[in-house]
Amino acid sequence: MRKSFARLAAPALFFVVAESAAAQSFADFCPGGDEETEAAVVGFVTDPEAGTLVPGATVAASWVEDDARQRAEAQTNMEGVYTICGLPKDTEVSLRAVFADRRGPEVPYTTSAALAQQDVEISLTGEAEERLEVGSLASGGGGRTRVLGSEIIRGEDLLAFPEMTVYELLRQHSLLRFDRRTGGERILLQSVTASNWSVSRMQSVVVRINERREPDAVNALREMSIDEVSRIEILSRTQASARYGGAGYVGAIVITTRGRG
């Protein structure tokens, strides 16, 4: 059966579940699926600047089940249309889109129907820097605020967070600040300021993943999902020096992945 989709009237960048979905069945979109236990979301992505549909964007749905985050994703076709099948029924999932270096914020959606029949909007930012603002987590409630101010973060603490990279998580941590400079980006402790340490001598904190020192720390954090994390420790200069000697004199971020330590 040919699937028809309503076009958008306004030039905004977002997902919209096709209005025509109500006239079609779950089996039309997900042949072989079980609509008694599964749900599907159908929609498309448009560009706010050009007001056109976006082919090749990745649309992801994630949810927590059995104390672990689950994920399903699909790419938009040449018409900018996506279909995500295999979602659990009556479950709160988060939807997010990625296209090149542009990333949309988390949008919650409850799979109360086998086939989504309401609009689901997910804005994609136009600037790479804006995509770091992931749902204003620091003001998202006591639990998240506590995690983003803690020296120790455990994997179980992160299940309530939207899916993101460790880089995006630590960008919002109250003990850290990220500083752009010529040739790259460095991670500093908030406690280290120009008044007590010459700016010209500022060095990045050491990042260790499973006790291996990362020579390209920022990119390593960009490539790691919070779902891989078992434990993150943010060590002060004193703590890092006591553990690693001179290699830790600027502080350290120590990450242990699942299945290790």
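About the criteria used
- Residues numbered from 1 in each chain as written.
- Predicted model: local features only at pLDDT ≥ 70, side-chain atom pairs only at ≥ 80, totals over all residues.
- Heavy atoms only, no water.
- Phe/Tyr/Trp six-rings, centres within 6.5 Å; stacked < 30°, edge-to-face > 60°.
- Helix = DSSP H or I, 4+ residues; strand = E, 2+ residues; numbered from the N terminus.
- Buried < 20%, exposed > 50% of the residue type's maximum accessible area, 1.4 Å probe, protein only.
- Lys NZ or Arg CZ within 6 Å of the ring centre and 35° of its normal.
- pLDDT = per-residue confidence, 0-100.
- Contact = heavy atoms within 4.5 Å.
- Disulfide = S-S within 2.5 Å.
- Polar contact = N/O pair within 3.5 Å; in protein donor to acceptor, adjacent residues only side chain to side chain.
- Core = buried A, V, L, I, M, F, W, Y, C linked by side-chain atoms within 4.5 Å.
- Pairing = 2+ DSSP bridges.
- Salt bridge = Lys/Arg side-chain N within 4 Å of Asp/Glu carboxyl O.

## Notes on the packing of aromatic side chains
Evaluated as defined, the whole model comprises one aromatic pair. A ring pair is formed by Tyr167 and Phe178, whose centres lie 5.4 Å apart and whose planes are at 85 degrees; its orientation type is edge-to-face. With Tyr167 in helix 3 (residues 166–171) and Phe178 in strand 10 (residues 176–181), this pair connects stretches of sequence that are eleven residues apart. Among the residues examined, Phe178 registers a relative accessible area of 16% and is labelled buried. The ring of Tyr244 carries the charged tip of Arg208 above its face, separated from the ring centre by 4.0 Å.

## Some words on the confidence of the model for the protein
Confidence in the prediction for the protein averages 77 pLDDT; 74% of positions are at 70 or higher. For the protein, per-element mean pLDDT is lowest for strand 1 (residues 15–16), which scores 45, and highest for strand 15 (residues 252–257), which scores 96. Between residues 1–23, whose pLDDT stays under 50, and residues either more than four places distant or in other chains, the model counts 68 contacts. Taken as a whole, residues 127–140 scores under 50 in pLDDT and shows 28 contacts with residues more than four places along the chain or in a different chain.

## Brief notes about the state of the cysteines
Tallied over the full model, the rule gives one disulfide. With a sulfur-sulfur separation of 1.9 Å, Cys30 is cross-linked through a disulfide to Cys85. An S-S torsion of about -85 degrees defines the bridge between Cys30 and Cys85 as left-handed. Of the two residues, Cys30 sits in the loop between helix 1 (26–29) and strand 2 (38–45) while Cys85 sits in strand 5 (residues 81–88), which places them 55 residues apart along the sequence.

## Looking at the environment of Arg186
Within the secondary structure layout, Arg186 lies in strand 11 (residues 184–189). When its relative accessible area of 9% is taken as the criterion, Arg186 is described as buried. Spatially, the C-alpha atom of Arg186 lies 5.0 Å from that of Ser204, the residues being 18 residues apart in sequence. Only 2.6 Å separates the side chain of Arg186 from the side chain of Asp179, close enough to count as a polar contact.

## Focus: the nonpolar core
In this structure, Val166, Leu169, Leu170, Ile187, Ile232, Ile253 and Ile255 are the most contacted members of the largest nonpolar core, which totals 29 residues. Contributing elements (two or more residues each) for this core: helix 3, strand 10, strand 11, strand 12 (206–209), helix 4 (217–222), strand 14 (229–235) and strand 15. With residues up to four places along the chain from it excluded, the contact list for Ile253 reads Leu170, Leu176, Ile187, Val205, Val206, Val207, Arg208, Ile232 and Glu233. If you look at the next biggest cluster of nonpolar residues, it comprises 17 residues, including Val45, Ala57, Val59 and Ala72.

## Focus on the pairing of strand 14
Burial analysis of strand 14 places five of its seven residues in the buried class, which makes it a mostly covered element. Bridge count for strand 9 (residues 152–154) against strand 14 is three bridges, and the pairing is antiparallel. By the bridge assignment, Ile153 is partnered in strand 14 with Ile232. Here strand 14 runs beside strand 15; their pairing, made up of six bridges, is antiparallel.

## A few points about the side chain of Thr111
Within the secondary structure, Thr111 is located in the loop between strand 8 (107–110) and helix 2 (142–147). A polar contact is formed between the side chain of Thr111 and the backbone oxygen of Pro88, at a distance of 2.5 Å.

## Here we look at the pattern of salt bridges
The tally for this structure, following the rule as stated, stands at ten salt bridges. Note that Glu233 is salt-bridged to Arg231, the shortest N-O span being 3.6 Å. Here Glu233 and Arg243 are joined by a salt bridge, their closest N and O atoms 3.1 Å apart. One end of the pair, Glu233, is in strand 14; the other, Arg243, is in helix 5 (residues 237–244), with ten residues separating them in the sequence. Here Glu233 falls in the buried class, since its relative accessible area comes to 12%. Linked by salt bridges that have partners in common, Arg171, Arg180, Glu185 and Arg222 make up one network.

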